[in-house]
Amino acid sequence: WNTFPSGSIGWRASEESFLKQFEWLSNLKIRASYGITGNNKIPQYAYLNSINTSNYALGSGNGALISGMASNSPYLGNEDLTWERISEANYGIDLGFFNSRLNLSAEYYNSNTIQMLLLQPAMLITGHQSSWNNIGLVNNKGWEFELTTTNIVTKDFTWKTSANLSTNKNTLLNYGNKEKEDNFGERNEVYRAIVGQPAIQYYGYKTDGVWTTFEEVAAAKALTDADGNLFTYTKFAPIVGGLKVVNTNGDNKIDTDDRVILGDPLPDFTWGLTNSFNYKNFDLTILIQGIQGIELINGNVNYNEQLRFNKAYTKNRYVSPMFPGDGKTVYSTTTAGSDLMLTDYCIEDGSYAAIRDVTFGYKIPVNLVKKMKISDVRLYFSGQNLVYLMASDYRGINPEARKITSQYASPLIDGYQRGAFPLNKTFTIGLDLTF
């Protein structure tokens, strides 16, 4: 058990006498709130050193198989384990103008995730692989805006619009006694958590196109520094058709010290726009929605069947010095000369804009259905994802897909996708009856 208090306060200033004279101001409210919530998704018995059934071989010779118990849980028990807590403060203002035909809401939020539930490696001497801990502090803050307008109102026709936009800045403020930690995905791609920066950032090698000729490769291998020392390649040695990895620290060699921050899975902002139209018995609603400034790790680049047969990867790819393509696209993983998943070659822009839903309806006039003791009959047709615009450099089929199982269940690993189902266009015909 735990205690999670919350409270809010608001002042509807538009009800005050000194603002009543402004007839165009129909609403002015200032509000603030603060509360704490909890996350109790602690794995079962993770606070105990549990034991499970296990067999032993006892006796002389080959011995006899005897059933018993052993401490073979993957988790080292942590008796101090407790709820993850999230404290959040919100400050907002609501404005209404012209008899509420124009309404604007703006809100600033500041949220702290305290005592995060994280699975961390345990020393092997304990006999366990990992241990659940409450560690770290993550801050999320940003703005949320909502605008609603009644654009046209006549006897037969009404047009209303609703728009929203939200931003978020994520920062890892504390991680115990560490300044940074690397977490790994299924292809050893690295997600680096650095105190003072976003809690999840992609960390790897920056590239600058593809080696396209043998002469280019020979020149790179013969490169020397001012003292005549050969440029060394601890990783990513030049190969025709392979990726050029950037020597970011200028130390005359390519090694793990050349890794840099390559992006993060956190969007700059999300937005939505809804328009609703009513004409006599007809109604039409159009919802448009999108995300901007989000980056993904496209795990499909790790598979040759994708690189060789998917048009997104075969177009303009390197084939030979005679057919170098665009100088940026490799032929396959076997000819790339490097692990693509450790570089920015797999990082793509996941921004999108979509006509998420269009619904068209018609209400049958009441005088035609009242004899059937039905008060309302509405026929409708709807379509989802009718138009879906993706970023030009995105080579996948669904920018919203994420892998969220196994190591990707961690709050410090996100943004990886592979083998996603494509987005579907869905069409629905329906009938609403009200008795």
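Anything mentioned here points back to the structure above.
Residues numbered from 1 in each chain as written. Predicted model: local features only at pLDDT ≥ 70, side-chain atom pairs only at ≥ 80, totals over all residues. Heavy atoms only, no water.

Formed by 34 residues in total, the largest nonpolar core has its most connected members in Leu 172, Tyr 191, Ile 297, Val 301, Val 330 and Leu 340. Mapped onto this core, the elements with two or more residues apiece are strand E13 (190–194) and helix H1 (214–221). Those residues in contact with Leu 340 that sit more than four places away from it in its chain are Leu 243, Val 301, Leu 307, Val 330, Thr 333, Tyr 345 and Cys 346. Within the second largest apolar cluster, six residues are counted, among which are Tyr 205, Phe 231, Phe 236 and Ile 254. (Core = buried A, V, L, I, M, F, W, Y, C linked by side-chain atoms within 4.5 Å. Buried < 20%, exposed > 50% of the residue type's maximum accessible area, 1.4 Å probe, protein only. Helix = DSSP H or I, 4+ residues; strand = E, 2+ residues; numbered from the N terminus. Contact = heavy atoms within 4.5 Å.)

On the secondary structure map, Ser 14 appears in the loop between strand E1 (6–12) and strand E2 (25–39). Within the structure, Ser 14 has its side chain in polar contact with the backbone nitrogen of Leu 28 (distance 3.2 Å). (Polar contact = N/O pair within 3.5 Å; in protein donor to acceptor, adjacent residues only side chain to side chain.)

The subject of this paragraph is unusual backbone geometry. Of note, the phi angle at Asn 99 is positive, near 55°, even though the residue is not glycine. Under the relative-accessibility criterion, Asn 99 is labelled exposed at 69%.

Here we take up the sheet that holds strand E12 (residues 180–184). If you trace the four strands from one edge of the open sheet to the other, you get E12-E13-E14-E19, paired in antiparallel fashion. The open sheet has two free edges, formed respectively by E12 and strand E19 (260–263), since each of these has just one partner strand. Direction aside, neighbouring strands of the sheet carry axes that sit 45° apart on average. Bridge count for strand E14 (residues 201–204) against E19 is three bridges, and the pairing is antiparallel. If you follow Tyr 203 over to E19, its bridge partner there is Ile 261. (Pairing = 2+ DSSP bridges. Axes fitted to C-alpha atoms, helices over the stretch in contact; angles between N-to-C directions.)

Take the pattern of salt bridges next. Two side chains of opposite charge can pair, provided their charged atoms sit close to one another. Under the definition given, this model contains twelve salt bridges. With its nearest N and O atoms 2.6 Å apart, the salt bridge here joins Arg 395 to Glu 348. Placement of Arg 395 in the loop between strand E25 (376–390) and strand E26 (416–417) and of Glu 348 in strand E23 (residues 347–349) is noted, with a sequence separation of 47 residues between them. Residue class for Arg 395 comes out buried when judged on its relative accessible area of 15%. A salt bridge links Arg 356 to Glu 400, with the nearest nitrogen and oxygen atoms 3.2 Å apart. Residue Arg 356 is located in strand E24 (residues 352–363), and its partner Glu 400 is located in the loop between E25 and E26; the two are separated by 44 residues in the primary sequence. (Salt bridge = Lys/Arg side-chain N within 4 Å of Asp/Glu carboxyl O.)

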